[in-house]
Amino acid sequence: MLETFIREYTERYERTFSDGFKGEFERFCAAVLEPSQLPSAELKERLNALNTLFYEPLSVAVVGQFSSGKSSFLNAILGADILPTGIIPVTAKPTFIKYAPQAFLKALYEDGREEYLSLDALGDFVDQRKDMKAVKALYIHLPNEILKKVSFIDTPGLNSRSAKDTAETMKILKECSGLIWLSLIDNAARAGELNELSLVPKTLKNHAICALNQKDKLNDEEIKRVLNHSKITYNEYFSEVCAISAKMQRAGQCDESGFKQIFSFLDSFSADEFIKANLAQIKNSLLEQNRFALGVLEGLTEILESFDISFKEKIKELESEYKKSFLLIFDELKQNASFVAEQILSFITPKECEYFKSSSGIFGKKIERASYQAPLLDEGGALSALIYNDDKLAKMFNKLKRKLIELKERIKGDLQSIFDELKNQALDYKARFESVRKDDALHSDILFAHIREFSCDTYGLFFLAYERELEAKFARLDVFFERLNIKIATNYASAVRLSLSHLSSKIATQRKSYESDPLSFALFYPSLEYVRERVLGELCYYEFEGDITSTAPFSTKFLLGIKESFSKIKEQNIAYITALKTKQENSLKSILELSF
């Protein structure tokens, strides 16, 4: 039982690889096709195609414009009139020419059927001058030595009358190992041809040659001039440019036909080198993909870090500004209290008072009348002057109330503005990546789908916490200012009444004490400072004094609380992003370590 488990485990999890380069290729495939790499279907197809090169010859696509002589060229390469030729396009379907011990034709139909025929039936499928059959592709098998090294694909071309055939040619160009581009020598490097060449994958350049056909129509000087011009024009598309004549090659003029350069080009093909070049391209493509994904995460990190720094700097500036604003408002409150105190004092006047006292004499106790001057507070007059018949005090405290409201809205506005900058960056970030699509077929569809999904969820994942924290802090700010409003700005009338009541009561109390014992007690004459302090007390000034004038006032504590909350949110966000980056970096590292 244990042996069975070990065998099954080994078969499933412990892969063995072939020796030599084939083993290196298998290791490469195993690494990039790991589920964690989220491989694309195109990557799997490319690796499968490369894998076939260990068992089959390299494939070379033959492409050219109308009447460039593709069929004649291939006949010259093969040394036999295999493909039909004509003055109008005759290769209507992709034709794959492969090696086989016996010659035969295989037709692959659109409905998936296959039919095996003799080569004599080839014309019925490819000649557009005849009724065409519903064929998807043709496969010509020949016992030709050159086909043991390379296979050829005769394509419909990029200027086919059928868009479907042009698309098929593009598909072949993406999958083939090499390219032979046929162009008529007296029509080479024209604008229309260059437009078609722009569709050819740049990765084919090192395995692509341009053959200028029908050199037999020009003299040596003309051929030299056309070649010089073509080599400059075609430089970004081909590794070589040569002049050939399929007609001369078929006529046996092999030394003059230019085909030696074609055969030399084909002989230079190495399956291992071609596979290595493709693996290098795949590796670079996957590195680019992973670096892009890392860049997406690093861009978000940069937004959060940059905001954290700028937010702290702005908070420091605002802290000083708000502290000054609060002090100015409370200075105004003290000025209002001074005004009230002055008004109250103006209604305290001296009054002639008398009382009866008993004294002892020679003839016993006697009652005497005593007179004195005492302060008298006209409460009604003060109330009328301050509250009932004059709105000056009301205007003063309404002004104070407006300033408190303005300061609250300013604090909210400043903080909201700072957050809106972050919010705009978040929305810009989302806009950059919510519709991103891969521009390389080898890139992972799943990874880019994750990037799009991630960018759409970014606000909820990373920025909504800031918004909610700010809302919570604004609620606390509202409560604080509402307390200020109720106890200070709106409470002034009550404060005046309470102050007057207190002063009247104290004046009366001290007067009674004085009358009971003038030597022990004095009359109470309230000073301006005393009245002002009493008014401030009734206005709850001292209840809020610590929140305004201390070294750590409410505004400082409030901003510090936001700063600490935002820093905590940032650290949590960075930790989450770092975990994602670590995963992506591991993926990148595994690709970087690939060798072949």
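Structure: see above.
For every chain, the first residue of the written sequence is number 1, and numbering continues from 1 along that sequence. Side-chain atom pairs in this predicted model are given and counted only at pLDDT of 80 or more, local residue features only at pLDDT of at least 70, and totals for whole chains, interfaces and linings cover all residues. Water and hydrogen atoms were dropped before computing side-chain values, which therefore reflect all heavy atoms in the structure.

Trainee: Would you take a moment to explain the overall build of the chain for this structure?
Mentor: In DSSP terms, a helix is any run of H or I states spanning at least four residues, a strand is any run of E spanning at least two, and both are numbered starting from the N terminus. When helices and strands are counted, the chain shows 19 helices and eleven strands. Considered along the principal axes of its C-alpha atoms, the chain spans approximately 170 × 70 × 40 Å. Any residue under 20% of the maximum accessible area for its type is buried, any over 50% is exposed, and the rest in between are partly exposed; the area is computed with a 1.4 Å probe on protein chains only. Here the chain holds 596 residues, and 45% of them are scored as buried. We call two residues in contact whenever any of their non-hydrogen atoms come within 4.5 Å of each other. Within the chain, counting contacts between residues at least 6 apart in sequence, those at least 24 apart form 77% of the total. Here the accessible surface of atoms and residues is derived via Shrake-Rupley with a 1.4 Å probe, and residues count as covered only by protein chains that are part of the display. A total accessible area of about 31000 Å² is found for the chain, and carbon and sulfur atoms account for 51% of it. Positive and negative charge centroids in the chain, built from 80 and 87 side chains respectively, lie 4 Å apart. As used throughout, the charge tally considers Lys and Arg to be positive and Asp and Glu to be negative, leaving His and the chain termini uncounted. Each charge is placed at NZ for Lys, CZ for Arg, CG for Asp and CD for Glu.

Trainee: Where do I start with the packing of helix α2 (residues 20-32) against helix α12 (residues 271-346) in this structure?
Mentor: Only the stretch in contact is used when fitting a helix axis, every axis being a line fitted to C-alpha atoms; angles between N-to-C directions are given from 0 to 180 degrees. Running from amino to carboxyl end, α2 crosses α12 at an angle of 20 degrees, the nearest separation of the two axes being 12 Å. Taken as axis vectors, α2 and α12 run roughly parallel relative to one another. Seen along the crossing, α2 lies across α12 with a hand that is left-handed. Taking contact as the criterion, the partners of Phe 21, Phe 25, Phe 28 and Val 32 in α2 are, on α12, Asp 272, Ile 275, Lys 276, Leu 279, Ile 282, Lys 283 and Leu 286. Each angle receives one of four descriptions, namely roughly parallel if under 35 degrees, roughly antiparallel if over 145, roughly perpendicular if within 65 to 115, and oblique otherwise. Crossing chirality is assigned from the near helix's rotation relative to the far helix, an anticlockwise turn below a right angle marking it left-handed and a clockwise turn marking it right-handed.

Trainee: Help me understand the pattern of salt bridges, please; the structure alone is not making it clear to me.
Mentor: Opposite charge on two side chains makes pairing possible when the charged atoms of those side chains draw close. Counted as salt bridges are all cases of a side-chain nitrogen of Lys or Arg within 4 Å of a carboxyl oxygen of Asp or Glu. Under the criterion given, the structure shown has 32 salt bridges. Ionic pairing is found between Asp 81 and Arg 250, a salt bridge with its closest N-O pair at 3.3 Å. Of this pair, Asp 81 sits in the loop between α4 (70-78) and β2 (95-99) while Arg 250 sits in helix α9 (residues 246-250); the two residues are 169 residues apart in sequence, bridging distant segments of the chain. The partner of Glu 145 in a salt bridge is Lys 148, and the shortest N-O contact between them spans 3.2 Å. For Lys 148, a relative accessible area of 45% translates into the label partly exposed. Residues participating in the shared-partner salt-bridge network are Glu 305, Asp 308, Lys 312, Lys 570 and Glu 571.

Trainee: Is there a simple way to explain the nonpolar core in this structure?
Mentor: Generally speaking, nonpolar side chains in soluble globular proteins are found buried as a group. Counting 82 residues, the largest nonpolar core has Leu 415 and Phe 463 as its most contacted members. Listing elements by their share of this core, those giving two or more residues are α12, α13 (379-388), α14 (392-433), α15 (445-489), α16 (492-516), α17 (528-538), α18 (541-549) and α19 (554-592). Per-element accounting of this core gives the leading share, 20 residues, to α12. Those residues in contact with Leu 415 that sit more than four places away from it in its chain are Ile 315, Leu 318, Leu 470, Phe 474, Phe 558, Leu 559 and Ile 562. Working definition of a nonpolar core: buried Ala, Val, Leu, Ile, Met, Phe, Trp, Tyr and Cys residues. They are joined through side-chain atoms within 4.5 Å.

Trainee: Help me out: how do you make sense of the sheet that holds strand β3 (residues 104-109) in this one?
Mentor: To summarise the sheet geometry, strands pair through backbone hydrogen bonds and adopt either a parallel or an antiparallel arrangement. With mixed pairing, the nine strands of this open sheet are ordered in space as β4-β3-β5-β2-β6-β1-β7-β8-β9. Bordering the open sheet on either side are β4 (114-117) and β9 (240-243), each of which pairs with just one other strand. Taking each pair of neighbouring strands and ignoring which way they run, the sheet shows an average axis angle of 20 degrees. Any two strands between which DSSP finds at least two bridges are classified as paired. Two elements, strand β1 (residues 58-64) and strand β6 (residues 150-154), share five bridges in a ladder whose sense is parallel. Opposite Ser 59, over in β6, you have Ser 151 as the bridge partner. Sitting on the sheet, helix α8 (residues 220-233) is in contact with β8 (208-213) and β9, with an inclination near 160 degrees to β9.

Trainee: Help me out: how do you make sense of α18 in this one?
Mentor: Residues spaced three or four apart along an α-helix face the same direction, because each turn holds 3.6 residues. Turning to α18, its buried residues number three or more, namely Tyr 541, Phe 544 and Ile 548. Buried residues of α18 fall within an arc of 80 degrees about the axis and therefore sit on the same side. Arc, as used here, means the arc of the directions from the helix axis to the C-beta atoms.

Trainee: What am I meant to see in unusual backbone geometry here?
Mentor: Apart from glycine, the bulk of residues carry a negative phi angle, and the bulk of peptide bonds sit in the trans form. Here the phi dihedral of Leu 38 falls at roughly 50 degrees; this positive angle occurs in a residue that is not glycine. Tracing the backbone shows Leu 38 in the loop between α2 and α3 (41-52). Of note, Gln 214 is a non-glycine position whose phi angle comes to about 70 degrees, a positive value. For Gln 214, the position within the fold is in the loop between β8 and α8. Under the relative-accessibility criterion, Gln 214 is labelled partly exposed at 22%.

Trainee: Where do I start with the packing of α4 against helix α11 (residues 259-267) in this structure?
Mentor: Helix packing for two helices is described by the angle between their axes and how far apart those axes are. Two elements in contact, α4 and α11, have axes whose closest approach is 11 Å; the angle formed by their N-to-C orientations is 75 degrees. When the interaxial angle is binned, α4 and α11 end up roughly perpendicular. Between α4 and α11, the residues in contact are Phe 73, Ala 76 and Ile 77 and Phe 259, Ile 262, Phe 263 and Leu 266, respectively. Looking at side-chain class alone, the contact of α4 with α11 contains seven nonpolar, no polar and no charged residues. Lys, Arg, Asp and Glu make up the charged group, whereas Ala, Val, Leu, Ile, Met, Phe, Trp, Tyr, Cys and Pro make up the nonpolar group; the residues left over, Gly among them, are polar.

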